[in-house]
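# Commentary on secondary and tertiary structure
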Amino acid sequence: MYAPVQLFSASRQNLWRLTLIRLLVLAAQAGSVGIAYLTDILPLPWLALSVTLGISLGLCLLTFLRLRGPWPVTELEYTAQLACDLIVHSVLLYYSGGSTNPFVSYYLVPLTIAAATLPWFYSMFLAGLALTGYTALLIWYHPLHLNNVQHEAMLISLHLFGMWMNFALSAAFITFFVVKMAGALRSQDELHALRREEGMRDQQLLAVATQAAGAAHELGTPLATISVLLKELRQEYRDKPALQDDLALLQEQVKLCKETLQHLVRAAEADRRQAVFEQTVVQWLETTLNRWHLMRPEATYRFQCLGFGAVPRLSPPADLSQALLNLLNNAADACPDKLDIRLDWDHQWINLSIRDHGAGVPLAIAEQIGKPFFTTKGKGFGLGLFLSQASVTRAGGSVKLYNHEEGGTLTELRLPRLAPGDDHE
């Protein structure tokens, strides 16, 4: 089962980061107020400051509780969270010197976050709120008065230290957190683009499947007619051995076509019933290779099993076996002689490589390989690799093609293996 998408959305991640920023700033603000209280340099409204800091802490706790829920974080809510930060910051500045407070430039941090993560309308609203607060603090604020003239030098030092701390915090937040937030949005956009691509591929697969079902239904009758005619021709021309051999070969090919259609129907029925059988990857591969060699008797190959330890097991659906047949046929079409097939595995993946000694993949069209109805062989429909990639991806694996450094094409098929507890002979 998959977790709900909203639990991993960019807005949710950004709200977590914003809450972390709020906690760090709250710690810095509380530390500054605490130092001022302990040193007794300034007479400040300690109760009002404590209440405001408590409200900021309560906002953090409420946000943590809210993020434990399943509902998504909207842009409006994110804007409200940033607005609360600006208001709390304005109130703290009001009770601690207004625009003369060294932390006044912290207004820029929420605005930078808004510019990086929110649409322009919300960013403009927050910018107006920050400008209003800053302007008001130029007129209305709780002035600072020294308890002792001798503390003036210490106050200047603290002011300079506060300016440095504000700059350091702002630079750290903008550099780290804002970059992370923008990265989360980019990742979400890439995920949406990937899902759109998968949706388009599923539509293409549905169209191909519809056409294949219709073709399978229509081919049954002509194949049956051809089979009857071939049988009659063999009886009629018994005295011609050369023709008998050709007719026998045609009968075998027609029989193979009928078996392929029957296999297609059985596979569809098995897929509908979810009737897949667990077997070792070696058994699955050898069965598929034997079937493929009947289809392509002219091809020669060498099979090597390079894996160590317990042989992984898998439950391959019918379309996965057909995907492997398509990849083998592609390699045989490039060069049917001396195909090199290797099987290996580790604790997580099953790796199968097929290397042919053909001309390789032209670099000019490498990006087109695997797209539907695109072929470089001058024959066929250009669907084999496309369907193979779709089937393997559906099984959680991947298919990649490379130009081998010694010539030819290397096709790599990677499949996830079952849990370690399922590895047994």
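If you check an unreviewed UniProt entry, the protein appears there as histidine kinase from Aquipseudomonas ullengensis. Here the protein is described in UniProt, under the heading Subcellular location (unreviewed entry), as follows: "Membrane".

Each strand in a sheet pairs with another by means of backbone hydrogen bonds, the pair being arranged parallel or else antiparallel. Reading across the sheet, the five strands line up as S2-S4-S5-S7-S6 and stay open at both edges, with mixed pairing between neighbours. Of all the strands in the sheet, the pair left with one neighbour each is strand S2 (301-305) and strand S6 (398-403). Mean inter-strand twist for the sheet, computed between neighbouring axes without regard to direction, equals 15°. Looking at chain direction, strand S5 (residues 349-355) and strand S7 (residues 409-416) are connected through seven bridges and run antiparallel. Along S7, the bridge assignment pairs asparagine 351 with arginine 414. Docked against the sheet, helix H8 (residues 281-295) engages S2, strand S4 (339-345), S5 and S7, running at close to 175° with respect to S2. Contacts between helix H9 (residues 318-334) and the sheet are confined to S4, S5, S6 and S7, with S5 contributing the most and set at about 30° to the helix.

The next point concerns the environment of aspartate 344. Structurally, aspartate 344 can be placed in strand S4. With a relative accessible area of 31%, aspartate 344 lands in the partly exposed category. Residues aspartate 344 and cysteine 305 lie 39 residues apart in sequence; the distance between their C-alpha atoms is 6.3 Å. In this structure, aspartate 344 is in contact with Leu306, Gly307, Trp349, Ile350 and Asn351, ignoring residues within four places of it in sequence.

Among the surface-exposed residues, Tyr94, Tyr134, Leu138, Ile139, Trp140 and Tyr141 lie close enough to one another that they form a single nonpolar patch of about 640 Å² accessible area. Of the residues forming the nonpolar patch, the biggest block, three residues, is contributed by helix H5 (residues 120-139). Structurally, the position occupied by isoleucine 139 is in helix H5. Given a relative accessible area of 55%, isoleucine 139 falls into the exposed group.

What follows concerns the environment of alanine 224. Mapped onto the fold, alanine 224 is located in helix H6 (residues 152-236). Between the C-alpha atom of alanine 224 and that of lysine 258, which follows or precedes it by 34 residues, the distance is 8.3 Å.

Predicted confidence across the protein gives a mean pLDDT of 76, with 75% of residues reaching 70 or more. Confidence, read as mean pLDDT per element, is least for H6 in the protein (68) and greatest for S4 (92). In the model, residues 364-368 has pLDDT below 50 throughout and makes four contacts with residues more than four positions away in sequence or in other chains. Every residue in residues 419-425 scores below 50 in pLDDT, and together they form 13 contacts with partners more than four places removed in sequence or on other chains.

With respect to the helices and strands, glutamate 77 occurs in helix H3 (residues 75-94). A polar contact is formed between the side chain of glutamate 77 and the side chain of arginine 66, at a distance of 2.4 Å. Not counting residues up to four positions away in its chain, the partners in contact with glutamate 77 are Leu15, Arg66 and Pro72.

Let us now look at the nonpolar core. One finds Val281, Trp292, Leu324, Leu343, Leu413 and Leu415 to be the most contacted residues of the largest nonpolar core, which totals 29 residues. At the level of elements, H8, H9, S4, S5, helix H10 (384-394) and S7 are the ones that each hand at least two residues to this core. Not counting chain neighbours up to four residues away, the residues in contact with tryptophan 292 comprise Ala299, Tyr301, Leu325, Leu328, Asn329, Ala332 and Leu339.

All right, on to the pattern of salt bridges then. According to the stated counting rule, one finds eight salt bridges in the structure shown. Here arginine 22 ties to aspartate 85 by a salt bridge, and the two come within 2.6 Å at their closest N and O atoms. One end of the pair, arginine 22, is in helix H1 (residues 10-39); the other, aspartate 85, is in helix H3, with 63 residues separating them in the sequence. Across the pair, aspartate 85 and arginine 22 agree in class, each one buried.

The next thing to look at is the pairing of S4. Judged by how many residues are buried, S4 sits mostly within the fold: five of seven residues are covered. In this sheet, S4 lies alongside S2 in parallel orientation, the contact comprising five bridges. Within S4, the position partnered with arginine 302 by the bridge is aspartate 340. Strand direction decides the pairing type here: S4 and S5, joined by six bridges, are antiparallel. Following the sheet pairing, tryptophan 345 is matched in S5 by isoleucine 350. The turn linking S4 back onto S5 is made up of three residues.

Once that is clear, we can look at the packing of aromatic side chains. Scanning all chains against the criterion turns up six aromatic pairs. Between tyrosine 107 and tyrosine 134, the aromatic rings sit 5.9 Å apart at their centres with planes inclined by 25°, giving stacked as the arrangement. Here tyrosine 107 is found in the loop between H3 and helix H4 (108-117), whereas its partner tyrosine 134 is found in helix H5, with 27 residues between them in sequence. Of the residues examined, tyrosine 107 reaches a relative accessible area of 4% and is grouped as buried. On the basis of relative accessibility, which here comes to 33%, the residue tyrosine 134 falls in the partly exposed class.

Calculation notes
- Residues numbered from 1 in each chain as written.
- Predicted model: local features only at pLDDT ≥ 70, side-chain atom pairs only at ≥ 80, totals over all residues.
- Heavy atoms only, no water.
- UniProt positions renumbered as here; feature names shortened; annotations may be inferred.
- Pairing = 2+ DSSP bridges.
- Helix = DSSP H or I, 4+ residues; strand = E, 2+ residues; numbered from the N terminus.
- Axes fitted to C-alpha atoms, helices over the stretch in contact; angles between N-to-C directions.
- Contact = heavy atoms within 4.5 Å.
- Buried < 20%, exposed > 50% of the residue type's maximum accessible area, 1.4 Å probe, protein only.
- Patch = residues over 30% accessible without salt bridge, like charges linked within 9 Å, V, L, I, M, F, W, Y side chains within 5 Å.
- Areas by Shrake-Rupley, 256 points an atom, 1.4 Å probe, with all protein chains shown as cover.
- Salt bridge = Lys/Arg side-chain N within 4 Å of Asp/Glu carboxyl O.
- pLDDT = per-residue confidence, 0-100.
- Polar contact = N/O pair within 3.5 Å; in protein donor to acceptor, adjacent residues only side chain to side chain.
- Core = buried A, V, L, I, M, F, W, Y, C linked by side-chain atoms within 4.5 Å.
- Phe/Tyr/Trp six-rings, centres within 6.5 Å; stacked < 30°, edge-to-face > 60°.

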